[in-house]
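# Reading the structure
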Amino acid sequence: MSNKIKNLFGSILVMTAALSFAACSNEEETVYDEWNSNYVYLERPHLGVDAMEFSQTHSSLGLAGDVDIKVPVTVKMMEPAQCDVKVTLGVENAGALPAEVASFANGGVITIPAGEQEAKEELVFTKEWKKYYKDDAAESKFLVKIVSIEPESDDLRLSTKMNKLVTVIKKGPKVDIIQENPEGSRIDRKGWEIAVAMGAGIEKNEYWAGYNQVIDDNSNSYLYFAQDMGIIFDLKGEHNVSGIELENYYGMAASKIDILMTTDGKTWKNVTEEGGMALRSDWVQYIKLIVPQKATQVKIIFRGAPALTEVYLYEK
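Predicted, not measured: the structure shown is a model, and the values here were computed from it.

## Some points on the side chain of Ser 37
Topologically, Ser 37 is positioned in the loop between α1 (3-25) and β1 (38-42). The buried category is assigned to Ser 37, whose relative accessible area is 7%.

## Regarding the side chain of Ser 221
Turning to its location among the elements, Ser 221 is positioned in the loop between β14 (193-198) and β15 (223-224). Engagement of the side chain of Ser 221 in a polar contact is seen with the backbone oxygen of Gln 213, the distance being 3.5 Å. In this structure the side chain of Ser 221 is engaged in a polar contact, spanning 3.1 Å, whose partner is the backbone oxygen of Asn 218. In this structure Ser 221 touches Gln 213, Asp 216, Leu 308 and Thr 309, once residues within four positions along its chain are discounted.

## Quick word on the packing of aromatic side chains
Each aromatic ring pair is specified by the distance between its two centres and by the angle formed by the two planes. Under the counting rule described, the total for this entry stands at eight aromatic pairs. A ring pair is formed by Trp 129 and Tyr 133, whose centres lie 6.1 Å apart and whose planes are at 15°; its orientation type is stacked. Summarising the burial analysis for this pair, Trp 129 and Tyr 133 share the class buried. Looking at Lys 171, its charged tip hangs above the ring of Tyr 133, at a distance of 5.3 Å from the centre. Over the ring of Trp 268 we find Lys 299; its NZ or CZ atom is 3.9 Å from the centre of that ring.

## Quick word on the pattern of salt bridges
This structure, assessed with the given rule, holds 15 salt bridges. Across the pair Lys 76 and Glu 43 runs a salt bridge whose closest N-O atoms are separated by 3.6 Å. Placement of Lys 76 in strand β4 (residues 70-77) and of Glu 43 in the loop between β1 and β2 (51-59) is noted, with a sequence separation of 33 residues between them. Here Arg 303 makes a salt bridge to Asp 258, at a shortest N to O gap of 2.3 Å.

## Thoughts on the sheet that holds β4
Strand order in this open sheet of five strands is β6-β8-β4-β1-β10, and the pairing throughout is mixed. Looking at the sheet topology across the chains shown, the edges are occupied by β6 (102-104) and β10 (156-158). Averaged over neighbouring strand pairs, the angle between their axes works out to 20° when direction is ignored. Pairing geometry for β1 and β4, over three bridges, is antiparallel. Directly across from Val 40, in β4, lies its bridge partner Met 77.

## Points about the sheet that holds strand β7 (residues 109-112)
Spatially, the six strands line up as an open sheet ordered β3-β2-β11-β9-β5-β7, and their pairing is mixed. Both edges of this open sheet fall to β3 (62-65) and β7, since each of them pairs with a single strand only. The mean angle between the axes of side-by-side strands here comes to 25°, regardless of whether they run parallel or antiparallel. Bridge count between β2 and strand β11 (residues 165-174): seven bridges; the pairing is parallel. Note that in β11 the partner of Glu 53 across the bridge is Val 168.

## Focus: unusual backbone geometry
Comment: phi is negative for the bulk of residues other than glycine, and the bulk of peptide bonds are trans. With an omega of 0°, the peptide bond running from Glu 150 to Pro 151 counts as cis. Within the secondary structure, Pro 151 sits in the loop between β9 (138-150) and β10. Its identity is not glycine, yet Lys 236 carries a phi of approximately 55°, on the positive side. In this fold, Lys 236 is placed in strand β16 (residues 229-248). Even without being a glycine, Tyr 250 presents a positive backbone phi close to 50°. One can find Tyr 250 in the loop between β16 and β17 (256-262). In this structure Tyr 250 comes out as exposed when scored by relative accessible area, which is 59%.

Definitions and limits used
- Residues numbered from 1 in each chain as written.
- Predicted model: local features only at pLDDT ≥ 70, side-chain atom pairs only at ≥ 80, totals over all residues.
- Heavy atoms only, no water.
- Helix = DSSP H or I, 4+ residues; strand = E, 2+ residues; numbered from the N terminus.
- Buried < 20%, exposed > 50% of the residue type's maximum accessible area, 1.4 Å probe, protein only.
- Polar contact = N/O pair within 3.5 Å; in protein donor to acceptor, adjacent residues only side chain to side chain.
- Contact = heavy atoms within 4.5 Å.
- Phe/Tyr/Trp six-rings, centres within 6.5 Å; stacked < 30°, edge-to-face > 60°.
- Lys NZ or Arg CZ within 6 Å of the ring centre and 35° of its normal.
- Salt bridge = Lys/Arg side-chain N within 4 Å of Asp/Glu carboxyl O.
- Pairing = 2+ DSSP bridges.
- Axes fitted to C-alpha atoms, helices over the stretch in contact; angles between N-to-C directions.

Printed below as a string of structure tokens:
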């Protein structure tokens, strides 16, 4: 190869490198500022929304709801660049859960290839939740942000307004009972005995057929209950109780209840949380025991002044 050809080839390489660098850095006569620069930013999950929320329930069976959490993280540019753009992501946490429960699937360092406008990452959460939670309610926040971009120049900048994506994880308190349609089927009420008593005298009750209005399949008959009044059902046998259905006369419903169960008539177990279970007012209130309980008698104490037309118990 002659010296002329070598010199020409070398000059082409130098020119190509120079052009490539110039195209990547956009070192032209244009003066760039915050109005005409190309910005790198985090795509929001929805327009105007920069937070994603997940909910978990907690019972003796463990956690349910959003337990397999993977948050897509998309880094975008307003316009394609003429060079690769390296993006480094970071995550900050606050609340009940430690930072170690979340990690980036690809290590948090991704590249937007030249000529393209986005690159994807994923924030993945642990499935070993029980290691980190206690029985009380908990809330945690994880903030994903872009830590740096390379190269960064006057014409290629990191957005300060769209540089965060928040993940919120809310866990309810550990409860084995919720206001939801129960599983299983209604228990046959034939032969049941019912007692009604007041407040502290709830244990001293008398069974009376006159209380059977709540098990007579007649929506026009009802029992009215004063504050702290209770009703006891003797099921005449042991059942695996999975839920309760309260039908209220013209929507006159209890705002809070306590539910207690026994298998021997002496030792009662309160299956509601301390202070009672708050209920949404409705004509029919359904209560689901996440963990069914064995019982021969069921006691319900009312907060408020409901008027009940029918009460059904479910078993599973």
